[in-house]
Amino acid sequence: MAEKIIDIKLNAKEAIQEIQTLDESIVQLEDNVSDATRELNKMEAELAQVTGASGKDLVRRKQLNERIAKTKSFLKQENTALKENKKQKQRLTKQNTLYNKKLKEQAKAHNEVSKGLTKTIGGTGVLD
């Protein structure tokens, strides 16, 4: 029974570490999304300012459109990763809750066995 408790504790500890790693990753991804969104808004505002028909303006618009497209692609990737990490964190949190429930059940069973042994030892002591 002690082995089972140790295994559950190890699994719970691993789940907690994974959750912490995911939390850090989620924060980083959220920062990336915020930064990229600000940059995208800035580029779109700049693009709106480039209204001329000169060669220089056309080149600038093309450059901005390319950067905007890359930023939108990056945002899509980061948002997908963020969504996946949040789902994984939710799954691990649920799994950790299950481990904690199993630990409580095992501890309760262990206490009941210990009480039974104490009573048995006490009873045989009287016989001696």
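Just above, that's the structure.
Residues numbered from 1 in each chain as written. Predicted model: local features only at pLDDT ≥ 70, side-chain atom pairs only at ≥ 80, totals over all residues. Heavy atoms only, no water.

Caption draft 1: Here's a closer look at the environment of alanine 81. For alanine 81, the location among the structural elements is in helix α2 (residues 55-127). Judged by relative accessible area, alanine 81 falls into the partly exposed class, the value being 24%. Spatially, the C-alpha atoms of alanine 81 and isoleucine 26 are 8.6 Å apart, while their sequence positions differ by 55 residues. (Helix = DSSP H or I, 4+ residues; strand = E, 2+ residues; numbered from the N terminus. Buried < 20%, exposed > 50% of the residue type's maximum accessible area, 1.4 Å probe, protein only.)

Caption draft 2: Summary view of the pattern of salt bridges. All chains considered together, the criterion is met by six salt bridges. Note that glutamate 30 and lysine 86 form a salt bridge whose closest N and O atoms lie 3.5 Å from each other. With glutamate 30 in helix α1 (residues 2-49) and lysine 86 in helix α2, this pair connects stretches of sequence that are 56 residues apart. Look at lysine 86 and you get partly exposed, because its relative accessible area is 41%. For glutamate 39, the salt bridge identified is with arginine 67, shortest N-O distance 3.0 Å. (Salt bridge = Lys/Arg side-chain N within 4 Å of Asp/Glu carboxyl O.)

Caption draft 3: Inspection of the side chain of threonine 71 at higher detail. Assignment of secondary structure puts threonine 71 in helix α2. Within the local environment of threonine 71, its side chain forms a polar contact with the backbone oxygen of arginine 67, the two atoms lying 2.8 Å apart. Setting aside chain neighbours within four positions, we find threonine 71 in contact with Ala36, Leu40 and Met43. (Polar contact = N/O pair within 3.5 Å; in protein donor to acceptor, adjacent residues only side chain to side chain. Contact = heavy atoms within 4.5 Å.)

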